[in-house]
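# A look at the structure
Listed below, chain by chain, are the residues.
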Amino acid sequence: MNIKKILTGIPAFDHISDGGLPEGRTTLIAGTSGSAKTLFGAQYLAMGIALFDQPGVFVTFEEQVNDIRQNLRSFNWDIDKWEKEGKWVFLDGSPKDEESVTIGEYDLSAFRVRLEHAITKSKAKRVVIDSIGSVFSQFPEMHTIRRELFKVAMTLRRLQTTSIITAERTEEYGDISRFGVEEFLTDNVIILRNVLNKEKRRRTIEILKFRGSNHVKGEHPFTIIPGQAIVIIPLSAMELNQRSSTARVSSGVAKLDEMCGGGFYRDSIILVSGATGAGKTLLVANFINGIREKKGRCLLMAFEESREQLFRNARGWGQDFEQLEKDGLLKVVCIYPEVSSLEDHFVNIQEIVKDFKPDRIAIDSLSALTRTSTEKGFREFIIALTSFLKHEEITGMFTATTPLLTGGSSVTEGNISTITDTIILLRYVEVSGEMQRSITVLKMRGSRHDAAIRRFTIDSQGMNIGDPFVGVSGILTGNPVVIKQN
Amino acid sequence: MNKYVLQLFINGNSLTSMEAVEMLQAICKENLKGNCELEIVDIQVEPQRAEEAGILAIPTLVRKWPLPETRIIGALSVKTRVLTGLGIASDKS
């Protein structure tokens, strides 16, 4: 049996929840303080109005209504208009500064009556109650309040609204909430986390349970962006229905195309690994230049070098990036990795791609991005990015910097080598007291490729790939040995 | 005049509501000697009044005058405490 759901309109949430929130039910959103519970609730209502014309009631027991209005405006949601039209109704249960004492028994029937009044009057489909913890801090009689919250849940059920109730947690991994309310709100639970790991904050969302209904398991990273609020980055992204293309595109270097059995596959991801100065950016420049062939478009995300540096270097290899940009074939975006989190970078890349619609994207270098995230976060970023690029049928070239000049591998590679389709290694080789450059296609999914390790040189025309190293062994491990020929 | 102005929010005939009404009427009569203006608001009849006053719990007693405005939540089951809460000198008799 699958319960009917209503689309929330929160980017990617409807994907990981397999269609949104269970209709006519109440979902508990639990999280530590600062985990964006209130924002999630507010966004759920705002999207309801903006996208589906469904009115909503926002109950606040914690933040003052005016503070919430202010926050909402900062996301460009026209709360004033919505309130005027009666589509957004606040129910203010926030603590007031009047003194109040308790003598004898009581219940929260006034709240229930107000809630019902607000829902019927506005014909609300969506209700958010923020938060249980602050109800308890205003009314400390645990037993009474638990009973009252149960009645509130029944009221919501009777009125058939699809509701969110938020609850505080004390730790990121532990009990769902500290109020024992799960017993009657237990059908649907979502957990928001804001974990500090190795000095880096990482926000995630997890659908813990949706009774009688499908959803994607596990934690999904999300980020909060001005103008968009919560944006979830689904790791299972768009389903694995990417068509595998047999169309080939040029790497921009004829000899390399030959080594790859006729060029890269159009929807493949190519990883270029090498030490600093080994020719990675050169390969990227060639890859960009390769778009000339079919008048395609390329996006270059540069995380290491400035625009001026890049353009100058390209000129040194006989390529005119300025002209390419003028012709609208190239877009160069230079950003310092540190300016934002990996999740933000991902959303940023996604937006540029949707806007510019490139056929190719080059990221130079991926290693620079590892500086801003944890290993796990980085891996998730790569998974999300590659599945996005494949979905859009974009050829991607990523570079990774190895820490050692000769041989060696890097964390970046370890994390992503299984995800990429093609791996090209650029290595320095010391032969007979001379540093030479080598290039080899280590892996090429679904195609025959040249297994030789070849010499290459760099001149004013760019990359010149030559003959294989003969009689030398151990190049990739960084200890080349000349084998005696008989 | 120092007349007490009180507002009591109740929910129909619920037990705690009835208890609070009785207690308050007794206080008006015995302790304030009628020197009080008591309004009883039934939220079933006038839900918007609860909204305007920001009432959550039932029963809730609001002392509008003398200032500052104060609120007492509950069935008002302990008379001495209600008197203290309202700032009325209790009858020693």
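Quick caveat: nothing in here was measured; it's all calculated off a predicted structure.

Our next topic: the overall build of chain B. When its secondary structure is counted, chain B shows three helices and four strands. From first element to last, N terminus to C terminus, chain B shows the α and β order β-α-β-α-β-β-α. Against the compact-globule benchmark of 12 Å for 93 residues, chain B has a radius of gyration of 13 Å, which places it among compact chains. Dimensions of chain B, computed from C-alpha atoms along their principal axes, come out at roughly 40 × 25 × 20 Å. Residues classed as buried in chain B amount to 49% of the 93 residues present. Pairs at least 24 residues apart make up 65% of the contacts formed inside chain B by residues separated by at least 6 positions. Of the roughly 4800 Å² of accessible surface on chain B, 54% is carried by carbon and sulfur atoms.

Taken residue by residue, the interface counts 23 residues in chain A and 26 residues in chain B. Across the chain A/chain B interface, buried area totals approximately 2100 Å², and carbon plus sulfur atoms make up 59% of it. Looking at the side of chain A facing chain B, the largest losses of area belong to E98, I103 and R114 of chain A, adding up to 32% of the total buried there. At the boundary of chain A and chain B, one finds one salt bridge. The partner of R114 of chain A in a salt bridge is E51 of chain B, and the shortest N-O contact between them spans 3.1 Å. Scanning the region where chain A abuts chain B turns up 13 residue pairs in polar contact (both at pLDDT 80 or more). Where the side of chain A that touches chain B is concerned, the elements lending two or more residues are strand 5 (88-92), strand 6 (99-102) and helix 5 (109-122) of chain A. The greatest single-element share of the side of chain A that touches chain B, amounting to six residues, is contributed by helix 5 of chain A. Among the residues making up the side of chain A that touches chain B, the classes are represented as 11 nonpolar, seven polar and five charged.

As a further point, take the sheet that holds strand 20 (residues 422-431) of chain A. Residues and elements named next belong to chain A. Across the sheet, which stays open at both edges, the nine strands sit in the order 17-16-18-19-15-20-21-22-23 with mixed pairing between neighbours. Both outer strands of the open sheet, strand 17 (330-334) and strand 23 (462-468), are each paired with one neighbouring strand and no more. Neighbour-to-neighbour, the strand axes of the sheet open up by a mean angle of 25 degrees, direction not taken into account. As paired elements, strand 18 (residues 360-364) and strand 19 (residues 395-401) share four bridges and run parallel to each other. In the sheet register, R360 faces strand 19, and the bridge partner there is T395. Its contacts with the sheet place helix 13 (residues 342-356) against strand 16 (298-302), strand 17 and strand 18, and it is angled at close to 155 degrees to strand 16.

Residue and element names in this part refer to chain A. By secondary structure assignment, the location of D450 is in the loop between strand 21 (434-444) and strand 22 (454-459). A distance of 2.9 Å separates a polar atom in the side chain of D450 from the backbone nitrogen of A452. Separated by 2.6 Å, the side chains of D450 and R454 make a polar contact.

Let's shift gears to the domain arrangement of chain A. Residues and elements named next belong to chain A. Along its sequence, chain A is organised into domain 1 (5-232) and domain 2 (248-482). Here the C-alpha centre of domain 2 lies 45 Å away from the C-alpha centre of domain 1. Taken together, the contacts link nine residues of domain 1 with 12 residues of domain 2. Summing the contributions of domain 1 and of domain 2, the shared interface buries around 870 Å²; its carbon and sulfur component is 52%. The largest contributions to the domain 1 side of the interface with domain 2 come from K200, R202 and T223, which together make up 51% of the buried area. Counting across the interface, domain 1 meets domain 2 through one salt bridge. Taken together, the links from domain 1 to domain 2 amount to three residue pairs in polar contact (both at pLDDT 80 or more). Sorting the residues of the side of domain 1 that touches domain 2 by element identifies strand 10 (200-210) and strand 11 (219-225) as the ones contributing at least two each. Sorting elements by how many residues they give to the side of domain 1 that touches domain 2 places strand 11 first, with four residues.

Residues and elements named next belong to chain A. The topology assignment puts F311 in helix 11 (residues 307-316). Residues F311 and V332, spaced 21 residues apart in sequence, show a C-alpha to C-alpha distance of 9.8 Å. Discounting chain neighbours no more than four positions away, the residues touching F311 are F321, E322, E325 and V332.

This next bit is on the packing of aromatic side chains. Residues and elements named next belong to chain A. Evaluation of the coordinates by the stated rule reveals 13 aromatic pairs over all chains. Summarising the aromatic geometry, the rings of F58 and W88 are spaced 5.9 Å apart at their centres and angled 15 degrees between planes, so their arrangement reads as stacked. In this pair, F58 sits in strand 4 (residues 56-60) while W88 sits in strand 5, placing the two residues 30 residues apart along the sequence. Here F58 matches W88 in class, with each residue buried. Taking the centre distance of 6.3 Å and the plane angle of 55 degrees together, the rings of F264 and F287 count as tilted. Of this pair, F264 sits in strand 14 (residues 264-265) while F287 sits in helix 10 (residues 280-289), placing them 23 residues apart in sequence. Here the two residues F264 and F287 agree in accessibility, since each one is buried. Taken together through their ring pairs, the aromatic side chains of F58, W82, W88 and F90 make up a single cluster. The ring centre of F356 lies 4.7 Å from the NZ or CZ of R297, which sits over that ring. Residue placement shows R360 over the ring face of F287; its charged tip is 4.8 Å from the ring centre.

Definitions and cut-offs
- Every chain begins its residue count from 1, and numbering advances along the sequence as written.
- To read the labels, note that chains go from A and ligands from 1, taken in the order they are written.
- At least 70 in pLDDT is required for a residue's local features to be given in this predicted model, at least 80 for side-chain atom pairs to be given and counted, and no such filter applies to totals for whole chains, interfaces and linings, which use all residues.
- Neither water nor hydrogens contribute to the side-chain values; these are computed over all heavy atoms in the structure.
- Secondary structure elements are defined from DSSP: runs of H or I of at least 4 residues count as helices, runs of E of at least 2 residues count as strands, and each element is numbered from the N terminus.
- The globule rule used here is 2.2 Å times the number of residues to the 0.38 power, and the radius of gyration it is set against is calculated over C-alpha atoms.
- Only protein chains enter the area calculation, which uses a 1.4 Å probe; residues under 20% of their type maximum are buried, those over 50% are exposed, and those in between are partly exposed.
- Contact between two residues is taken to exist if any of their heavy atoms lie within 4.5 Å; hydrogens are not considered.
- Note on areas: these come from Shrake-Rupley sampling with a 1.4 Å probe, and a residue is covered only by the protein chains present in the view.
- Here the quantity called buried area is the total loss of accessible area, with a 1.4 Å probe, experienced by two parts when brought into contact, counted for both.
- By definition, a salt bridge exists where a carboxyl oxygen of Asp or Glu is found within 4 Å of a side-chain nitrogen of Lys or Arg.
- N or O atoms within 3.5 Å of each other form a polar contact, as long as, within protein, one can give a hydrogen and the other can take it, and as long as residues adjacent in sequence are counted only when both atoms are side-chain atoms.
- Each residue gets one label: Ala, Val, Leu, Ile, Met, Phe, Trp, Tyr, Cys and Pro are nonpolar, Asp, Glu, Lys and Arg are charged, and the others, such as Gly, are polar.
- We treat two strands as partners when DSSP finds at least two bridges between them.
- Note on definitions: angles span 0 to 180 degrees between N-to-C directions of axes, and those axes are lines fitted to C-alpha atoms, for helices only across the stretch in contact.
- Domain segmentation is taken from an automatic or database assignment of domains.
- To pair, rings of Phe, Tyr and Trp, with the six-membered ring standing in for Trp, must have centres within 6.5 Å; the planes then decide the type, stacked if under 30 degrees apart, edge-to-face if over 60, and tilted in the middle.
- Ring-over charges, as used throughout, are those where CZ of Arg or NZ of Lys falls within 6 Å of the ring centre and within 35 degrees of the ring normal.

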